[in-house]
Amino acid sequence: MKKIFFILIVSVFILNCKTPKTASTKTDEHLESLKANDTVKITNEKVEYEIIIIEPGFNFWLASRARPKGFYSQQFLENRNWLYVMEWNQRVLQPQRYRTDLYELQIDYQQDIDYGYEVNYMLYNYFIYFQLTYNQRLGPFVPRI
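Residues numbered from 1 in each chain as written. Predicted model: local features only at pLDDT ≥ 70, side-chain atom pairs only at ≥ 80, totals over all residues. Heavy atoms only, no water.

1. A few points about the overall build of the protein chain
Thinking step 1. In terms of regular secondary structure, the protein chain is built from five helices and two strands.
Thinking step 2. Mapped in sequence order, the helices and strands of the protein chain form the string α-α-β-β-α-α-α.
Thinking step 3. Out of the 145 residues in the protein chain, the part that is buried amounts to 33%.
Thinking step 4. If you take every contact in the protein chain between residues at least 6 apart in sequence, the share linking residues at least 24 apart comes to 65%.
Thinking step 5. Approximately 10400 Å² of the protein chain is accessible, and the part contributed by carbon and sulfur atoms is 56%. (Helix = DSSP H or I, 4+ residues; strand = E, 2+ residues; numbered from the N terminus. Buried < 20%, exposed > 50% of the residue type's maximum accessible area, 1.4 Å probe, protein only. Contact = heavy atoms within 4.5 Å. Areas by Shrake-Rupley, 256 points an atom, 1.4 Å probe, with all protein chains shown as cover.)

2. Some details on the pattern of salt bridges
Thinking step 1. Across all of its chains, the model carries three salt bridges by this definition.
Thinking step 2. The partner of Glu-87 in a salt bridge is Arg-91, with the nearest N and O atoms 2.8 Å apart. One end of the pair is Glu-87 and the other is Arg-91, both in helix H4 (residues 74–92) and four residues apart, which spans about a single turn.
Thinking step 3. Between Asp-101 and Arg-99 there is a salt bridge, and its shortest N-O distance comes to 2.8 Å.
Thinking step 4. On the basis of relative accessibility, which here comes to 45%, the residue Arg-99 falls in the partly exposed class. (Salt bridge = Lys/Arg side-chain N within 4 Å of Asp/Glu carboxyl O.)

3. Concerning the nonpolar core
Thinking step 1. Of all hydrophobic cores here, the largest spans 30 residues; its most connected members are Phe-58, Trp-88, Tyr-103 and Phe-127.
Thinking step 2. Of all elements in the fold, only strand E2 (49–54), helix H3 (58–64), H4 and helix H5 (117–134) reach the threshold of two or more residues within this core.
Thinking step 3. Looking at this core element by element, the count peaks at 10 residues for H5.
Thinking step 4. Ignoring anything within four residues of it in the chain, the contact list for Tyr-103 reads Trp-88, Arg-91, Val-92, Tyr-98, Phe-130, Gln-136 and Leu-138. (Core = buried A, V, L, I, M, F, W, Y, C linked by side-chain atoms within 4.5 Å.)

4. Focus on the side chain of Arg-80
Thinking step 1. With respect to the helices, strands and loops of the structure, Arg-80 is situated in helix H4.
Thinking step 2. One buried charged side chain, Arg-80, makes no salt bridge at all; its nearest oppositely charged neighbour is Glu-78, positioned 12 Å away.
Thinking step 3. Not counting the four nearest positions on each side in its chain, Arg-80 is found in contact with Tyr-124 and Phe-141. (Lys, Arg positive; Asp, Glu negative; His and termini not counted.)

In structure tokens form, the structure reads like this:
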């Protein structure tokens, strides 16, 4: 009788230790919807400039792992983007040396144009995402978040 009582107590204790399943929060739903959307469109209407990124998983990565807006200064983003764009364009021009499925099109990024914070932020984070996802190194800096 003592054994049955002990087993019953242990069973009830184990069953009650399970964590209850909670309903999805709005944040989780938002992140899941970002997974489904593979296209990111970045525009700056002042300079009539647009970047379209078609990359599975970038939206989700941006919302879940990237540094928040305002973390980097615009000057920092512009400097890094300039270095990354130069290397990217060099790789596009050397299809015999670099994978053409990764480096398809050149990026027209000019240092003397103020693209605004939003465009620079998204472009910089795409370069970081690209380097981490495809194990590439576009510059002298180790890509990190």
